[in-house]
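# A look at the structure
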Amino acid sequence: MGNKKKETTNSDIGADMQEIMNLPLVPLRDIVIFPYMIVPLFIGRGKSIKALEEAMMSDRRIVVVAQKSAGVDDPDVEDIYDVGCVCEVLNMVKLPDGTIKVLIEGAHRVQILEYLITDSYFAVKVRQLFEDVSRNLQTEALMRNVLSKFDKYVRLTRTLPPEAYTSATSIEEPGRLADLITSQLVLKVGEKQSVLQASEPEARLLTLIEILDHELELLDIQKRIQTQVKKQIEKSQKEYYLKEQLKAIHKELGEQDEKTEEIQEIKTRMKKVKPPKYVKEKIESELKRLSKMPFGTAEAVVVRNYIDWILSLPWSERTKENLNVATVRRVLDEDHYGLEKVKQRIVEHLAVQQLKNEKAQGVILCLVGPPGVGKTSLGKSIARALDRKYVRASLGGVRDEAEIRGHRRTYIGSLPGRIIQAMKKAAVKNPLFLLDEVDKMSTDFRGDPSSALLEVLDPEMNFEFSDHYLEIPYDLSEVMFITTANLTQPIPAPLLDRMEVIQIPGYTEEEKREIAKGFLIPKALEKNGVKETQIQIGEDTLMEIIRRYTREAGVRNLEREINTICRKQALKIIEHKQARKKFSKAEITHENLAEYLGQPKYRYGVMGEEDEVGCATGLAWTSAGGEILSIEVTLMPGKGTLRLTGQLGDVMKESAQAALSYTRTHSDDFGLKKDFYDAMEVHLHVPEGAVPKDGPSAGVALATALISGLTKIPIKRTVAMSGEVTLRGKVLPVGGIKEKVLAAHRAGIRTIIMPRENEKDYTEISSRVREKLNVVFVETIDEALAEALTRPPWKKSGGTVRKAAPKAKKQ
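Quick summary incoming for the structure in this document. Since this is a predicted model, take the numbers as computed values, not measurements.

What counts, and where the lines are drawn
Residues numbered from 1 in each chain as written. Predicted model: local features only at pLDDT ≥ 70, side-chain atom pairs only at ≥ 80, totals over all residues. Heavy atoms only, no water. Axes fitted to C-alpha atoms, helices over the stretch in contact; angles between N-to-C directions. Helix = DSSP H or I, 4+ residues; strand = E, 2+ residues; numbered from the N terminus. Parallel < 35°, antiparallel > 145°, perpendicular 65-115°, else oblique. Left-handed = near helix turned anticlockwise from the far one by under 90°. Contact = heavy atoms within 4.5 Å. Nonpolar A, V, L, I, M, F, W, Y, C, P; charged D, E, K, R; others polar. Pairing = 2+ DSSP bridges. Disulfide = S-S within 2.5 Å. Buried < 20%, exposed > 50% of the residue type's maximum accessible area, 1.4 Å probe, protein only. Salt bridge = Lys/Arg side-chain N within 4 Å of Asp/Glu carboxyl O. Bend = angle between axes of the 7 residues up to and from the residue.

One way to put it is that helix H18 (residues 539–548) packs onto helix H19 (residues 556–578) with a least axis distance of 10 Å and a crossing angle of 125°. Between H18 and H19, the angle is such that the two are oblique. The chirality of how H18 crosses H19 is right-handed. Listed contacts from H19 to Leu542, Ile545 and Ile546 of H18 are Leu558, Glu561, Ile562 and Ile565. Residue classes in the contact of H18 with H19 are distributed as six nonpolar, no polar and one charged.

Below, the structure written as structure tokens:
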């Protein structure tokens, strides 16, 4: 046996102690026993069964106390409340499963003073708590208040019979009244325990009043909710009843009900739309399903939406295409300057269509070029020229196959994909469909949208395009698809193979000037409310803006700068108008351009003002067009190391290593000592170190800068070069020739050195650009050095003179 003293709080229990008893204790879960309660209990825990047996062997009295937490299977002293009730065991029956069923009756409240036994069972020393049973005006008022609230509670709740209130009114003692009412309420254990251990009857009545107020408020809210729900149900039943009556009335009058009327309306629409036979059969099967469904069910809504989507699609409607070649050329020229390849391809499509004298197969073009060259606006222009409806879908960031093919009807809120949605918007079978940013799609666990596009953009398959939502094939063969992209590399090869790729290079300075004069300035004047008589931007000023305030392949930034000038001019006009001053036409010139656009943002012209040793100009390709690249080499005493800076990629570093290896191999030819590299350090730097650079096309420029630095021969500042160099000194072809040539032209470069195998790419560049450039095609680094350096680098070595480099081909 173990003795534990229980800490008790006497502040709220002030009853006189008249009897102290030692009795066994049974802790109870989820129930609080009050005096005069008769309750059946099922006892299954070992300690509790032992305590009952001890009680039965003595005077059949036992202390029952509630647990603080019902989840504790083996409670300790701290898990049991301080105040409980002494009960008399009226009857005890052992059940076959080992549990004991007992019937107990509460006698009086007790407070636990000490735990006498805690190991095999609980035995405690308790004192009986007596209370004042006398009544005064305060007590009378509290009892009446409690009875009034309990009466309301009985009438609101369905858990207590009316007799519960009747039996409570016969109680004369205030404490017993509180115990009786509390025992009949559906409360938490803690709330009932707060009433049981209150010291005085008035305190117990006040606690009970607070509990009743809370319960009545909850019951009132519950009643309001039930009333609202009942009204809604009655309304629904009423509507259903009236609808059934209306159906019966329509039937008697020989009229159609709402469902029959809707089905008849769908059939009328189907006759007007004139869908193909297989579509008509599908609609009729869905109508048969719809006729068997209740009108307002969710499934009926799904079927109606499905039929509505099918009937909203263009199955036979077409626009008459403009086949006049001259008119189409004129419209395309009105909207866009240059872009001859695209315009020629559209005109060829019209010629084929007229010669075949039948429905032509849809055209699938892919316009590839840097930002701002007019790919998206060109799609609109083509649609206007051909008199076709124009629809557009942006594919940038699309990563779900369902965006293209749609969701199946089994999903809630399912819809067709973007292709079918756009066809519904077009309302004709032969629109011009622009798929913008086709290179910006990605893939994740929801599927690959680019794979779904394979069927859309394949003329051999798109006449039976399958959308998951429609579940019937749709003919896309008459649609003219035009896609746009900045790069072809991210586009999957199977998808790229299905499109006719047309490269749109950046614009030359002259082309930008003409675009600004014919398109950008009139658009900016209209947008900003400035009249032509109020501002003048000359051709020289436009060239200054193009050269010193923008550096791009397209004209998007140029348009922004022109808009900036027009906005500032609009402000000046308003200020003069409000000040009642006369405003004269403003002419934008070199001198006042900085007032509108600030100081120039970029340098124009060749880097440096004189030929320098170890400083070469390379050409680079970027997604926004071409750029010129400065490459610098300096030599210093060291231990034969090559230092590379400027945030170079692995391929570019390897090109520098190859250039150094070539130079060391041919050191005799350049008049260098064989061990020249052992006592020096070569530092190769590419400025703009914050910008990553990579690729093999800077090989010629790297080798030229390195050999120039070692031989102390300057490099011509008006020469730029591009090409990959091998260890044997061969110059291999590179990509991005158009963009690189245009970048050199913008920078004022006069001579370009490029691989001979890129000659075919150079011929595709505008003749206006080629006329201003001297392009030298080379096969070896020797040819490039002969053209780039101010004098040949070869010197006498060992009594012999190196054979002169072969003459490069110029154009």
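Overall, parallel pairing links the five strands, which are arranged S9-S10-S13-S8-S14 in an open sheet. Where the open sheet ends on each side, the last strands, each with one partner, are strand S9 (390–394) and strand S14 (500–503). Neighbouring strand axes in the sheet, compared pairwise and without regard to direction, differ in orientation by 20° on average. The pairing of strand S10 (residues 432–436) with strand S13 (residues 480–485) spans four bridges and is classified as parallel. Looking at the pairing, Phe433 lines up with Phe481 of S13.

Let's shift gears to the state of the cysteines. Evaluation of the coordinates by the stated rule reveals zero disulfides. Cysteine Cys85 remains unbridged, with the sulfur of Cys87 as its closest cysteine sulfur at 4.1 Å. The exposure class of Cys85 is buried, given its relative accessible area of 0%.

This brings us to the pairing of strand S7 (residues 122–129). When you tally the buried positions in S7, you get seven out of eight residues, the bulk of the element. Note: strand S6 (residues 100–117) against S7, six bridges, orientation antiparallel. Considered in S7, the bridge of Gln111 is made with Arg127. Connecting S6 to the antiparallel partner S7 that follows it, the hairpin turn spans four residues.

Here the structure, examined in full by the defined rule, presents 41 salt bridges. The closest approach of N and O atoms between Arg409 and Glu286, which form a salt bridge, is 3.4 Å. Residue Arg409 is located in the loop between helix H13 (402–405) and helix H14 (418–426), and its partner Glu286 is located in helix H8 (residues 277–291); the two are separated by 123 residues in the primary sequence. Residue Arg409 is classed as buried on the basis of its relative accessible area, which comes to 16%. Among the ionic contacts, a cluster of salt bridges with common partners joins Lys282, Glu286, Arg289, Glu299, Arg409 and Glu471.

Residue placement: Glu526 occurs in helix H17 (residues 509–528). Under the relative-accessibility criterion, Glu526 is labelled exposed at 69%. In the structure, Glu526 is positioned 218 residues away from Asp308 in sequence and 42 Å away in space, judged by C-alpha atoms.

For the rest of this paragraph, the subject is H17. At Ala516, H17 is deflected by roughly 50°, the largest bend along its length. Tucked inside the fold, the buried residues of H17 contact strand S15 (535–537), H18, H19, helix H23 (737–746) and helix H25 (767–770). Just downstream of H17, Gly529 is the residue with a positive phi angle, here 75°.

The analysis is restricted to geometry; functional conclusions fall outside its scope.
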